[in-house]
Amino acid sequence: MSDNAESPGNKAGKYDHAEVEPRWQKLWEERATFRAERRPGKKKRYLLDMFPYPSGSGLHVGHPEGYTATDIIARYARMRGEDVLHPMGWDSFGLPAEQYAIQTGTHPSEKTYENIATFRRQLKMLGFSYDWDRELATTDEGYVRWTQWIFLLLFKQGLAYQDEIPVNWCPALGTVLANEEVIDGKSERGGHPVVRAPLRQWMLRITAYADRLAEDLAEVEWPEGTLTMQREWIGRSEGAEIEFAVSGHEGAKFSVFTTRADTLLGVTFVVLAPEHPLVKTITTDAQRAAVEAYVAQAASKSDRDRISQAKTKTGVPTGAFAVHPISGEKVPIWVGDYVIGSYGTGAVMGVPAHDARDFEFARQLGLPIVEVVSPDGKLHDVLEAAYVDDGVAVRSGDLDGLPTPDCSRAMVKKLEGMGRGRGKVTYKLRDWVFSRQRYWGEPIPIYFPVELPEGGDPQKGAKAVIRYDQPIAVEESELPLRLPALADFRPGDDAAGPLARALDWRFFQKDGKWYARETNTMPQWAGSCWYYLRFLDPKNDGAGWSKEAYDAWMPVDLYVGGAEHAVLHLLYSRFWHKVLFDAGHVSHKEPFKKLVHQGMILGEDNEKMSKARGNVVNPDDIVKAHGADCLRLYEMFMGPLEAVKPWQSSQIQGVVRFRDRVFAVCSRATNEPLDAETERLLHRTIKKVSDDIDAMSFNTAISAMMVFTNHLNGLPAVPREAALKLALLVSPFAPHVAEELWHLLHGSPAEPSTLAYEPWPTYDVKLTVDDVIEMAVQVNGKVRGHVRLARAATEEDAKAAALAADGVKAFVEGKAIKKFVYVPGRIVNLVVG
RNA sequence: GCCGACGUGACGCAACCGGCAGACGUGCUCGGCUCAGACCCGAGAGGUGCAGGUUCGAAUCCUGCCGUCGGCACCA
């Protein structure tokens, strides 16, 4: 607009982020500005970030994305007078520190606390408003104590038990992995091969909570995709268990699980999983060799092979026959590896006409196909493919004509009456393998009686028989059970773990009897299952958290973290919470009310950031070059929080200019009053920024602030009121420059005051809407002119104005107006012809 | 294969409930400032994956296809 003499160039001074940012951070820290406190009558907000694993490589730019989002909301909420709990901590048990310890011989805690120091420094450098007094690490003794306490609760409730089960044993890592940690037969961490081996393990009975874990998802505000993933992972399936007797084997019978009991009369064969216990006993001599070979081959196949060959169905007949529970006919019993031993009963009834897999199996092995569900009620003798949809029953005796759902119910009832079946619900979810054969984890606070057949001292290597069948809980008063000092952290190759080598820790005497401690440790998930509860009351020595602290802050109002935790962490955590709920330790069914996943930040090459690709951006470099405010602004300006988006260094320039412009514009504020236009834009901006923060649409909020800043920049004199409000609006996003401006605009008092608790600017709705609007006039849907109209203009006024508009006449003249569309405030459309 | 999300300028992305497509930012071009360059200031160019449909009007709704990303993967 105008170039006045005092425009940039000779302004007060350039903004120096390297000097300003640490100065304010120091002040916040010294004054404990962000200490979380509850005041009676105030609204509370618990804003939680998924806490990081403090890796050796330090923070990467993905971390501050979610952290900035919650920090903006935290700062905004404080300014709106709410009490905010916004804590940070460390998920610090884990393999990398242990592997580092194995290599160097140093204790894993050394490296762990070193890494934590780096992470803490980096997060503080970004100006997040955490209550650092609540900082915790899952490896702290004061934390481990309560993790163990929760384990004992699980144990006492019968939810923690030992079992000898085939587990995912990873020889390279020297530990077992949860199903969730195995991807395509390889370990999630490191990609090492995983084999199935039977081992004694601690299990958590998460399946006891399967229904509630699925049902209570209705109570939370989570992304739809995450809800779906959890439901599918739980995999609730309603159906029936149906008994088949084995012909010629007195008393031998087995059950199948099906969701389609209505198709029972369509059974032309049954298939047992290769590991089904009955396979051995019923196979005829003639088939024995073939079956044994098949079973052996199936056992050696990796999961990956089984999946990749999923389309080709294989199997061999056992030579035995099952008796159909309804018709009494004999149907052949096959062994096939498309049946999963661990799901349902490990056996299925083959209904090739109405199941795609059975159809495939029957076709490849030449078994008959009998239609029992018809789409139209007519009979079809040749099927091109399995008909899996609902229809009406045919060839099913007295059930003929019933629609599929009714037929299923009738069939189950019938079987129940005959004592040959019952309604049954199964889940894909399995109990959680909770033990790890590692050093750097929480010791499981359990011990066992020891028998010494040859006498002697087990601490000195005397032969000891450990009675694993008689687990004893460590007294709560003895918690935490600490890890022993160890010189060698290598995993044991016998699956007992490195703790088994600490003989003087493992074996101890009590009342003259010898006992042995459990040498397995907990998985990394344990600590992250309940950290949100410890943040409530992190220094409490008498309990994990107090009821007062719980009532003050729970539930978590917003939980932000990566989508990679959509199933594992969130399911485990919810499970523990429900156990605590049943025991009366928490009073909400669900811990996390609202959940948001930040999208991954890709490298400049549009690939996932990784050291191998060399496309990793280091936050330290960005902060050094442009300051924390700019890193925060840039990450929020990149696009929607949930979107996956590439890092583009060149784009940072935009927010650097914005920050400098905000500083420059506000620095030259005068006592000029607000002009009408600026005032309207200010109110509109306040509304937009407030609404966008509520909606977590941070990119558009920044955009609105840029528009306002650009407007002020064009004014010959910047009204002080506009500058003050702008500083407040900017402060959740770029707190350092905002504090500095607030300070300058108040005359740089010797004793600086923070704007962190200044009231958030309010707006007048009347000033955010224009009374007169420029509206487009369309003719046959194409824009031909514009008119200025009152917002509340009548249809007549609009029509008259539209017809008079420049550019419109030429398209309307001489033609009949067939239709007139007027949407007040939006559009005028003349349909002519 | 199944489920979900997405596809807008050279690039990142805006667009409420269908109503002037491209806000905001990067880059580019031109101009100003400057001895010059950088910074800064001002101006400008530039398009809805494809094919249909619904509608006065479609980036938005519907159908099909193509592509990208994420998840699941014989769960009976």
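This is a predicted model, so every value here is computed, not measured.

Below, the discussion takes up the overall build of chain A. Looking only at helices and strands, chain A features 27 helices and 34 strands. Each principal axis of the C-alpha atoms in chain A carries an extent, and together these give about 105 × 90 × 50 Å. Per-residue burial over chain A gives 53% buried out of 833 residues. Within chain A, contacts between residues at least 6 apart in sequence are counted, and of these 72% link residues at least 24 apart. Carbon together with sulfur atoms contributes 51% to the accessible area of chain A, which is approximately 36,700 Å² in total. Charged side chains in chain A number 99 positive and 113 negative. The centres of these two groups are separated by 1 Å.

Turning next to the protein's contact with RNA strand B. Around RNA strand B, a shell composed of 49 residues is seen, among which T259, R357, Q651, R657 and N829 lie nearest. Here the atoms of RNA strand B within 4 Å of the protein split so that 58% fall in sugar or phosphate, with bases taking the remainder. For RNA strand B, a sugar or linking oxygen lies 2.7 Å from a polar atom in the backbone of M638. Contacts to RNA strand B include N713, whose side-chain N or O atom sits 3.2 Å from a phosphate oxygen. Those elements that place two or more of their residues in the surface near RNA strand B are β11 (253-258), α20 (649-667), α22 (698-713), β31 (772-779), β32 (782-790), β33 (817-823) and β34 (827-832). At seven residues, α22 tops the list of elements feeding residues into the surface near RNA strand B. Across the surface near RNA strand B, the residue classes break down as 21 nonpolar, 15 polar and 13 charged.

Taken as a whole and judged by the stated rule, the model has one cavity of 30 Å³ or more. By volume, the largest cavity is sized at about 40 Å³. As for the largest cavity, its lining consists of F34, R75, R78, M79, S731, P732, L755 and A756. When its residues are assigned to classes, the lining of the largest cavity shows five nonpolar, one polar and two charged.

What follows concerns the side chain of T685. Within the fold, T685 resides in helix α21 (residues 676-694). The contact partners of T685, leaving out residues within four places of it in the chain, are A704, M705, F708 and L729.

As a further point, take the domain arrangement of chain A. Along its sequence, chain A is carved into domain 1 (237-426), domain 2 (647-767) and domain 3 (770-832). Once you take the C-alpha centre of each, domain 1 and domain 2 turn out to be 69 Å apart.

Time to look at the pairing of β32. Alignment of β31 against β32, held across eight bridges, turns out to be antiparallel. Residue pairing across strands places A776 opposite H786, the latter belonging to β32.

We now examine the nonpolar core. Judged by nonpolar contacts, the single largest core of 167 residues is most densely connected at F151 and W576. Those residues in contact with W576 that lie beyond four places of it in its chain are T147, I150, L154, L204, W432, F434, A526, C529 and W530. Counting 32 residues, the second-largest nonpolar core is a separate cluster that includes V291, A320, A347 and L415.

This next bit is on helix α19 (residues 628-637). Summarising burial for α19: nine of the ten residues are buried, a large majority. Within α19, the full set of buried residues consists of A628, D629, C630, L631, R632, L633, Y634, E635 and M636.

This part covers the sheet that holds strand β25 (residues 556-560). Across the sheet, which stays open at both edges, the four strands sit in the order β2-β1-β25-β26 with parallel pairing between neighbours. In the strand order of this sheet, the two ends are held by β2 (83-85) and β26 (592-596), each with one partner. Across the sheet, the mean angle separating the axes of adjacent strands is 25° when strand polarity is ignored. Relative to β25, strand β1 (residues 44-49) runs parallel, the two being bridged by three bridges. Of the residues in β25, the one forming a bridge with D49 is V560. Against the sheet, helix α2 (residues 63-79) contacts β1, β2 and β25, and its axis sits at roughly 165° relative to β1.

A few words on the packing of aromatic side chains. Scanning the entire structure with this criterion turns up 38 aromatic pairs. When the centroid spacing of 4.9 Å and the interplanar angle of 50° are considered together, the rings of Y15 and F663 count as tilted. Residue Y15 is found in the segment before α1 (17-31), and its partner F663 is found in helix α20; the two are separated by 648 residues along the sequence. For F663, a relative accessible area of 9% translates into the label buried. Look at F151 and F434: their rings are 5.8 Å apart centre to centre, the planes differ by 15°, and that puts the pair in the stacked class.

With that settled, the discussion passes to helix α18 (residues 619-626). Residues P619, D620, I622 and V623 constitute the buried set of α18. The arc that holds the buried residues of α18, viewed along the axis, is 165°, so those residues lie on one side. Elements that come into contact with the buried residues of α18 comprise α1, α4 (108-125), α19 and α20. Residue N618 occupies the N-cap position of α18, its side-chain oxygen lying 2.8 Å from the main-chain nitrogen of D620.

This paragraph deals with the sheet that holds strand β6 (residues 175-177). Spatially, β6-β5-β9-β19 is the arrangement adopted by the four strands of the open sheet, whose pairing is antiparallel. Bordering the open sheet on either side are β6 and β19 (432-433), each of which pairs with just one other strand. As defined by bridge partners, strand β9 (residues 195-204) adjoins β19 across two bridges and the pair is classed as antiparallel. Along β19, the bridge assignment pairs L204 with W432. Along the sheet, helix α5 (residues 141-156) contacts β5 (160-170) and β9; its crossing angle with β9, the most-contacted strand, is approximately 95°.

Our next topic: the environment of V279. Its location among the elements puts V279 in helix α8 (residues 278-282). Measuring from C-alpha to C-alpha, the distance between V279 and T318 comes to 7.4 Å, with 39 residues separating the pair along the chain. With sequence-adjacent residues up to four places away left out, V279 is seen in contact with L272, A273, P274, V291, V295 and V335.

About the criteria used
- Residues numbered from 1 in each chain as written.
- Chains lettered and ligands numbered in written order.
- Predicted model: local features only at pLDDT ≥ 70, side-chain atom pairs only at ≥ 80, totals over all residues.
- Heavy atoms only, no water.
- Helix = DSSP H or I, 4+ residues; strand = E, 2+ residues; numbered from the N terminus.
- Buried < 20%, exposed > 50% of the residue type's maximum accessible area, 1.4 Å probe, protein only.
- Contact = heavy atoms within 4.5 Å.
- Areas by Shrake-Rupley, 256 points an atom, 1.4 Å probe, with all protein chains shown as cover.
- Lys, Arg positive; Asp, Glu negative; His and termini not counted.
- Charge placed at Lys NZ, Arg CZ, Asp CG, Glu CD.
- Near = heavy atom within 4 Å.
- Polar contact = N/O pair within 3.5 Å; in protein donor to acceptor, adjacent residues only side chain to side chain.
- Nonpolar A, V, L, I, M, F, W, Y, C, P; charged D, E, K, R; others polar.
- 1 Å grid on protein atoms, 1.4 Å probe; cavity = no way out; pocket = protein on both sides within 12 Å on 5 of 7 lines; lining within 4 Å.
- Points joined across faces, edges and corners; volume = space filled by probe spheres on them.
- Domains from an automatic or database assignment.
- Pairing = 2+ DSSP bridges.
- Core = buried A, V, L, I, M, F, W, Y, C linked by side-chain atoms within 4.5 Å.
- Axes fitted to C-alpha atoms, helices over the stretch in contact; angles between N-to-C directions.
- Phe/Tyr/Trp six-rings, centres within 6.5 Å; stacked < 30°, edge-to-face > 60°.
- Arc of directions from axis to C-beta.

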